[in-house]
Amino acid sequence: MNHPAAPADPAALAPRLPSPLQEVEDEPFARAGVRLVLKRDDLIHPDLPGNKWRKLAPNLRAAAADGERALLTFGGAYSNHLRATAAAGRLLGFATIGVVRGDELAGAPLNASLARCAADGMRLHFVDRGSYRRKTDPDLLAALHDRFGDFRVIPEGGSNSLAAQGCTELGRELRGAADTVAVACGTGGTLAGLAAGLGPGQRAVGFPVLKGGSPHFLQRTVEELQAAAFGGRRGEWRLEDRFHGGGYARRTPETDAFADAFEERHGLPLERVYVAKMLFGLTTLVREGAFAPGSTVAAVITGAP
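Below is a short write-up of the structure. Predicted model only: the values in this text are computed from it and were never measured.

### Considerations on the overall build of the protein
Thinking step 1. When its secondary structure is counted, the protein shows 11 helices and 10 strands.
Thinking step 2. For the protein, whose C-alpha radius of gyration is 19 Å, the value lies close to the compact-globule estimate of 19 Å for 305 residues.
Thinking step 3. Counting only C-alpha atoms and orienting by the principal axes, one finds that the protein spans roughly 60 × 40 × 35 Å.
Thinking step 4. For the protein, buried positions account for 53% of its 305 residues.
Thinking step 5. Of all intrachain contacts in the protein linking residues separated by at least 6 positions in sequence, the fraction that spans at least 24 positions is 73%.
Thinking step 6. For the protein, the exposed area adds up to about 13,000 Å²; of that, 50% sits on carbon and sulfur atoms.
Thinking step 7. Once the 36 positive and 34 negative side-chain charges of the protein are each reduced to a mean point, those two points are 1 Å apart.

The structure is reproduced here in structure tokens:
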């Protein structure tokens, strides 16, 4: 593999930080006497929005500091993380390799997400689902090194201790702005850092978008990420696992109808895999009386459609 020249620092991309807060008047919240604000992390950078920026930036800085010029990561056929990593490689000068779940996709026409990865210079490597489940196995990683040469591994979804540390800034930006902060969860890194960065008296609620193994598997994952990043559990946080809609990238008519109506009321297109599920869950909780009148809830908009 031909490695590019020394990569640039992510700060060269001029991210919009802190991301803006947008208050919205939404009827279910207003009726409950609860203030709703949106944390617009989707506006941080057009190619690396939201939690992807916050999780990738510290990993990219570490890779550059260690003299590494190539990144290898993992994801499904519609992975936002793969797209963000490929874009970071193009913008900052890293070679990128994406290990994609599903060997049946090899040789088939690329969907729009994978086509964007390829256009940004990512080398796509398709593996069967059994091999993909072994993505942390040393033998599999050794085989990938034999095939692609030297690279830095960034985990699926970008969640590791560096990512959790990067997401603490999200919590710090929200100190004093809300009593409760809601965020969608895939691999748990954003919630781990967000909760650690919040101030006393604030709490975070994570909404898993995957069905398999949640909430207990994701609970352990977030705890392990916090232990690796901070030495133990940090902040007040919990998971609310009723709103995954049947699994990752699966949608229900109820959630779609909610998202359509929210978009019409507020003129804000909603990303449907993560953001719409989180907002639907949050609206259900407010209708159930989960938040005290007079309190403020912040919803993290982690990405755009």
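### Section: the sheet that holds strand E7 (residues 180-185)
Thinking step 1. With mixed pairing, 6 strands are arranged side by side in an open sheet as E1-E2-E10-E7-E8-E9. Strand pairing shows two members of the sheet lacking a second neighbour, strand E1 (21-24) and strand E9 (236-239), which therefore form its edges. Here the average twist between neighbouring strands, direction ignored, is 25 degrees.
Thinking step 2. Sheet topology note: the E7/strand E10 (residues 296-300) ladder contains 3 bridges and is parallel.

### Remarks on the environment of His216
Thinking step 1. The topology assignment puts His216 in helix H9 (residues 216-230).
Thinking step 2. His216 sits 25 residues away from Asp241 along the chain, and the two C-alpha atoms are 9.8 Å apart.

### Observations regarding the packing of aromatic side chains
Thinking step 1. Using the criterion set out here, one finds 5 aromatic pairs in the structure.
Thinking step 2. Seen in terms of ring centroids, Phe243 and Phe280 are 5.9 Å apart; in terms of plane orientation they differ by 85 degrees. Their pairing is edge-to-face. In this pair, Phe243 sits in the loop between E9 and helix H10 (253-266) while Phe280 sits in helix H11 (residues 275-287), placing the two residues 37 residues apart along the sequence.
Thinking step 3. Judged by its relative accessible area of 8%, Phe243 is buried.
Thinking step 4. In this structure Phe280 comes out as buried when scored by relative accessible area, which is 13%.
Thinking step 5. Relative to Phe262, the ring of Phe258 has its centre 5.9 Å away and its plane inclined at 40 degrees; by these criteria the two rings are tilted. A residue pair is termed a helical-turn pair when its members lie 3 or 4 positions apart in one helix, as Phe258 and Phe262 do in helix H10 at 4 residues. An identical accessibility class is assigned to Phe258 and Phe262; each is buried.
Thinking step 6. Within the aromatic cluster, the residues linked to one another by ring pairs are Phe207, Phe243, Phe258, Phe262 and Phe280.
Thinking step 7. The ring of Tyr132 has Arg101 lying over it, and the distance from NZ or CZ to the ring centre is 5.2 Å.
Thinking step 8. Its guanidinium or amino end placed over the ring of Trp237, Arg233 lies 3.8 Å from that ring's centre, counting from NZ or CZ.

### Overview of unusual backbone geometry
Thinking step 1. In the segment running from Leu17 into Pro18, the intervening peptide bond is cis, with an omega of -5 degrees.
Thinking step 2. Looking at the secondary structure, you find Pro18 in the segment before E1.
Thinking step 3. Of note, the phi angle at Ala14 is positive, near 55 degrees, even though the residue is not glycine.
Thinking step 4. With respect to the helices and strands, Ala14 occurs in the segment before E1.

### Section: the environment of Leu194
Thinking step 1. Within the secondary structure, Leu194 is located in helix H8 (residues 189-197).
Thinking step 2. With 145 residues separating them along the chain, Leu194 and Pro49 place their C-alpha atoms 16 Å apart.
Thinking step 3. In contact with Leu194, not counting residues within four places along its chain, are Cys167, Leu170, Gly171, Leu174, Val181, Val183 and Ala204.

### Quick word on empty space enclosed by the protein
Thinking step 1. The full count for this structure, using the stated rule, is 1 cavity of 30 Å³ or more.
Thinking step 2. Space inside the largest cavity adds up to approximately 40 Å³.
Thinking step 3. Lining the largest cavity we find Gly245, Arg250, Arg251, Thr252, Thr255, Asp256, Arg272, Ala276 and Lys277.
Thinking step 4. Within the lining of the largest cavity, the residues separate by chemical class into 1 nonpolar, 3 polar and 5 charged.

### Examining the pairing of strand E3 (residues 70-75)
Thinking step 1. Across the 6 residues that make up E3, a large majority, 6, are buried.
Thinking step 2. Residues Ala70, Leu72 and Phe74 of E3 are buried on one face, and the alternating residues Leu71, Thr73 and Gly75, pointing to the opposite face, are buried as well.
Thinking step 3. Inspection of the sheet shows E3 paired to strand E4 (residues 95-101) by 6 bridges, in the parallel sense. Of the residues in E4, the one forming a bridge with Gly75 is Val100.
Thinking step 4. Handedness of the crossover joining E3 and E4 through helix H3 (residues 80-92) is recorded here as right-handed.
Thinking step 5. Alignment of E3 against strand E6 (residues 152-154), held across 3 bridges, turns out to be parallel. Bridged to Leu72 within E6 is Val153.

What counts as what
Residues numbered from 1 in each chain as written. Predicted model: local features only at pLDDT ≥ 70, side-chain atom pairs only at ≥ 80, totals over all residues. Heavy atoms only, no water. Helix = DSSP H or I, 4+ residues; strand = E, 2+ residues; numbered from the N terminus. Rg over C-alpha atoms; globule rule 2.2 N^0.38 Å. Buried < 20%, exposed > 50% of the residue type's maximum accessible area, 1.4 Å probe, protein only. Contact = heavy atoms within 4.5 Å. Areas by Shrake-Rupley, 256 points an atom, 1.4 Å probe, with all protein chains shown as cover. Lys, Arg positive; Asp, Glu negative; His and termini not counted. Charge placed at Lys NZ, Arg CZ, Asp CG, Glu CD. Pairing = 2+ DSSP bridges. Axes fitted to C-alpha atoms, helices over the stretch in contact; angles between N-to-C directions. Phe/Tyr/Trp six-rings, centres within 6.5 Å; stacked < 30°, edge-to-face > 60°. Lys NZ or Arg CZ within 6 Å of the ring centre and 35° of its normal. 1 Å grid on protein atoms, 1.4 Å probe; cavity = no way out; pocket = protein on both sides within 12 Å on 5 of 7 lines; lining within 4 Å. Points joined across faces, edges and corners; volume = space filled by probe spheres on them. Nonpolar A, V, L, I, M, F, W, Y, C, P; charged D, E, K, R; others polar. Right-handed = clockwise from strand over helix to strand, strands pointing away.

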